Amino acid sequence: MAEALTLAAVSESAARAAERVMARCDALAAISETPGMLTRVYLSSEHLEANRLVGEWMAAAGMRVWQDSVGNICGRYEGLDPSAPALLLGSHLDSVRNAGRYDGPLGVLTALEVVSYLHQNAIRLPMAVEVVGFCDEEGTRFGITLLGSRGLTGTWPADWLERRDAQGISVAEAMINVGLEPLHIGASRRAVGDFCAYLELHIEQGPCLQTADVPLGVVTAINGARRLNCQFTGHAGHAGTVPMGQRQDALTAAAEWTLAIESITTATGRNLVATVGTLECLPGAVNVIAGQVKLSLDARGPRDEDLCALLKVLLAKGHEIAARRGLTFEAEQFYGISATECDEGLQHRLNQSILPLQGQAMSLPSGAGHDAIAIAECWPVGMLFVRCKDGISHHPEESVATGDVAFAVQAYINTVLSFGEGHL
């Protein structure tokens, strides 16, 4: 293995790499179906063009490149032992509509700079390093999230091929239209023994790193989530004739519960969050007491047991409020995903790489979902967060500083190099 460069030289190299990453993020942002705003969805011509461009950058970094059967763009930089499980790096290349340019691509392009560093310095690790640009994490076109990463794990549900977009085109039809074969989606599946670990770099999509005034953080877990449709039912009445003390007002009950959700969740701590995002009042007239209110509840947290305990308390509070006010309360969960814990050993590696750079290691959960959720079903996962301005994401104002990206590239290189030190 080539002699490691000095920290100063590596830092200079990381600074140049960060400038390339930023320029390449700009280049990918120009590949969009909507002029003046970034939208790049699965199995579109823009998806294939982004894959082509990233594939060229992979090849330039010394990688063997291929597009797999579901549309992920993949590259492999060989190690000293071709039979050893490879280290997988990556993130996604698709976007939401009117997106920012760093959510997803930043992780792919910094991973490429890690491999480029190895290639330029003639470094071969004991194992190969693979980089993947996942084709669909956001689910913008078909409403299917983690489609690309579930291609690698081989966990596509049977009905995914029949899911249709807003134009009525099915996933199977869209695959055929771009030259992919729906019957061969299983070819993208990788054996458990193919990889030893997965690392993903991503913008934080929140304000915690900015508040702490540090560029990098290590993810402890990706929050589990529960989404519920809830309903208070009272009795509609004339706004002018029903005395205040005799009302069965569903809206005031919902308002009290919403405030209780805020106070209870805040007091609980443990990185738990809960949100009432939608509210519908019936009959919805200015001069009628609300007889029914439908509202949503979104609760998230990094530990499933804490999340379940919080929900139990919140729902009990809803029933208590309803009973006290002479109403009924109902709640039905329509979505749930378990929390994904990041591997402790990978967290340690990332922390050890960050400490010399910023003087402290900061750990935090991820409130948003990532491809690591699917990958963790088969392989240990670790995630590195990069500070983003004001925590803005899924928006054109999404922004990262070139200097922070340089820190990220440096930490990423250091972490990957640690896999050559004789321990996993």
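Going by the structure above, here's the rest.
Structure report, in brief. (Residues numbered from 1 in each chain as written. Predicted model: local features only at pLDDT ≥ 70, side-chain atom pairs only at ≥ 80, totals over all residues. Heavy atoms only, no water.)

### Considering the side chain of histidine 370
As for its position among the elements, histidine 370 is in the loop between β15 (363-366) and α10 (372-375). Overall, histidine 370 belongs to the buried group, its relative accessible area being 0%. There is a polar contact of 3.5 Å between the side chain of histidine 370 and the backbone oxygen of alanine 368. Ignoring sequence-local partners within four residues, the contact set of histidine 370 consists of Glu137, Leu146, Glu200, His202, Gln205, Ile222, Met383 and Phe385. (Helix = DSSP H or I, 4+ residues; strand = E, 2+ residues; numbered from the N terminus. Buried < 20%, exposed > 50% of the residue type's maximum accessible area, 1.4 Å probe, protein only. Polar contact = N/O pair within 3.5 Å; in protein donor to acceptor, adjacent residues only side chain to side chain. Contact = heavy atoms within 4.5 Å.)

### Focus on the packing of helix α3 (residues 105-120) against helix α11 (residues 402-417)
Where α3 contacts α11, the axes come no closer than 9 Å and their chain directions differ by 55 degrees. When the axis of α3 is compared with that of α11, the two are oblique. In the packing of α3 onto α11, the handedness of the crossing is right-handed. In this structure, α3 contributes Leu106, Gly107, Thr110, Ala111, Glu113, Val114, Tyr117 and Leu118 to the contact, and α11 contributes Val405, Val409, Tyr412, Ile413, Val416 and Leu417. (Axes fitted to C-alpha atoms, helices over the stretch in contact; angles between N-to-C directions. Parallel < 35°, antiparallel > 145°, perpendicular 65-115°, else oblique. Left-handed = near helix turned anticlockwise from the far one by under 90°.)

### Digging into the environment of isoleucine 144
Looking at the secondary structure, you find isoleucine 144 in the loop between β4 (129-134) and α4 (147-153). As for isoleucine 144 and tryptophan 160, which are separated by 16 residues in sequence, their C-alpha atoms are 7.7 Å apart. In contact with isoleucine 144, other than residues within four places in its own chain, are Asp136, Gly139, Trp160, Arg163 and Val171.

### What to know about the pairing of strand β1 (residues 64-67)
Relative to strand β2 (residues 73-77), β1 runs antiparallel, the two being bridged by 4 bridges. Across the sheet, the residue bridging to arginine 64 is arginine 76, located in β2. Joining the antiparallel neighbours β1 and β2 is a turn of 5 residues, in which glycine 71 adopts a positive phi near 110 degrees. (Pairing = 2+ DSSP bridges.)

### With respect to helix α9 (residues 344-358)
The terminal C-alpha atoms of α9, which comprises 15 residues, lie 21 Å apart, in line with the 21 Å expected from a rise of 1.5 Å per residue. Buried within α9 are the following residues: Leu346, Gln347, Arg349, Leu350, Asn351, Ser353, Ile354, Leu357 and Gln358. Buried residues along α9 sit against β5 (195-203), β6 (216-222), β15, β16 (381-386) and α11. Here α9 starts with a cap whose side-chain oxygen sits 3.0 Å from the backbone nitrogen of glycine 345, and that cap is aspartate 343. Glycine 359 sits one or two positions beyond α9 and adopts a positive phi of about 80 degrees. (Expected span 1.5 Å × (residues − 1).)

Any link to function would need more than the numbers given here.
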